[in-house]
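Reading the structure
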Amino acid sequence: MYRRAFLKSAALLGASVFLSNENIAGLLASGKLRMLSQHTGIYTEKGGTMAFLITDEGIMVVDAQFPDTAPHFIEQVKEKSSLPFRYLFNTHHHFDHTSGNIAFKGLIKDGVAHKNSIANQLAVAEKQGNVDGILLPNMSFDKEGWSTQAGNSRIQAFYFGPAHTNGDSVIYFEKENLAHVGDLCFNRKHPYIDRSAGASIKGWITVIDKIKTAFPKNTQFVCGHCGEGSDVLIFHPDLTLFEDYLGNVLHYVSQGIQAGKSKEELLHCTQIPGSPLWQGEGIERPITAAFEELSGA
Ligand SMILES: [Zn+2]
Ligand SMILES: [Zn+2]
């Protein structure tokens, strides 16, 4: 309906004279494709940020958002390259990163994810009775990670241990020095911490340390989510800030527990002491997760 109404009004205004088909497609998709270099870019619309790399062997995609937004990405990236899709990586199982996998059915050759991410995707789909409605990655890796040479680009997947879930990985475009960390960093936004899928705040701090050691100082990172007015593109210092934030969450809650405070009392808090940059909704998520983790609940 929207497309029709738009085309009709565009024609009425005579605007179609000035708009190429490509421009119309771009306007119809409400998301934003942002090129970072000639061959790399990110896509933000709803849910976790997507990233892509165009190589001689085809287009590599990291994460897939939702079934209704992934087609907008596909439409827009096709304007940048006529090559086919090659690999689709999932940084972890959450539906705002993987439910759009289905839009790539028949388009990608292989899907790649950590084995825990695949198990979690399947478990959630079984619980929802939607196993036929998902597209599971067909290739998995474990602690040792995964890598491939695609044209003159090398792509690596790393697993550093439990953090935001038990199946978070970092996808690295080596030559381009661009790493998608999925939800391993919430840039100035209170994170989700999925304890039902094996998350650990202490583990998460260790994982960020490992990421900081594994990647060069000038690596550009893509993260899944950011707070109002912040960016999903970050660098090492932003990872350090988030690592400090997680440490401050644990410190605030463990001090509270030692002082005999209840979870409810700890939730009466509008800012994590020491991390004023983390604003907006959701402060109850890290406090609750930290309370459970520290009290063994
Ligand atoms: Zn997410
Ligand atoms: Zn997530």
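Structure first, text after, so check above.
Here the structure is a predicted model, which is why all the values come from computation and not from measurement.

A separate point is the coordination of the zinc ion (ligand 1). In ideal tetrahedral geometry, four donors around a metal make angles of 109.5 degrees, whereas ideal octahedral geometry with six donors gives angles of 90 or 180 degrees. Protein coordination at the zinc ion (ligand 1) comes from Asp96 (OD), His97 (NE2), Asp183 (OD) and His225 (NE2), with a distance range of 2.0 to 2.3 Å. Classification of the site at the zinc ion (ligand 1) as irregular follows from its four donor atoms and the range of 88 to 164° in their angles at the metal. Counting gaps between the donor residues of the zinc ion (ligand 1) yields the pattern D-H-x85-D-x41-H. If you look at the zinc ion (ligand 1) and the zinc ion (ligand 2), they sit 3.5 Å from each other and are both ligated by aspartate 183. Aspartate 96 gets classed as buried once you look at its relative accessible area, which sits at 12%. Residue class for histidine 97 comes out buried when judged on its relative accessible area of 0%.

Protein ligation of the zinc ion (ligand 2) involves His92 (NE2), His94 (ND1), His164 (NE2) and Asp183 (OD), the donor distances falling in the range 2.1 to 2.2 Å. Taken together, the four donor atoms coordinating the zinc ion (ligand 2) and their angles of 90 to 166° define a geometry best described as irregular. Written as a sequence motif, the donor residues of the zinc ion (ligand 2) are H-x1-H-x69-H-x18-D.

Turning our eyes to something else, we now look at the pattern of salt bridges. One pass over the full model with this rule turns up 10 salt bridges. Between arginine 34 and aspartate 231 there is a salt bridge, and its shortest N-O distance comes to 3.0 Å. Highlighted residues: arginine 34 in strand S1 (residues 32-35) and aspartate 231 in the loop between strand S14 (225-226) and strand S15 (233-234), separated in sequence by 197 residues. Of the residues examined, aspartate 231 reaches a relative accessible area of 30% and is grouped as partly exposed. Its salt-bridge partner being glutamate 243, residue lysine 212 comes within 2.7 Å of it at the nearest N-O pair. Of this pair, lysine 212 sits in helix H6 (residues 201-214) while glutamate 243 is found in helix H7 (residues 236-258), placing the two residues 31 residues apart along the sequence. By the burial criterion, lysine 212 is buried, and glutamate 243 matches it.

About the thresholds
Residues numbered from 1 in each chain as written. Chains lettered and ligands numbered in written order. Predicted model: local features only at pLDDT ≥ 70, side-chain atom pairs only at ≥ 80, totals over all residues. Heavy atoms only, no water. Donors = N, O, S within 2.8 Å, 3.2 Å for Na, K, Ca; no water. Tetrahedral: all angles 85-135°; square planar, octahedral: opposite > 155°, others 65-115°. Buried < 20%, exposed > 50% of the residue type's maximum accessible area, 1.4 Å probe, protein only. Salt bridge = Lys/Arg side-chain N within 4 Å of Asp/Glu carboxyl O. Helix = DSSP H or I, 4+ residues; strand = E, 2+ residues; numbered from the N terminus.

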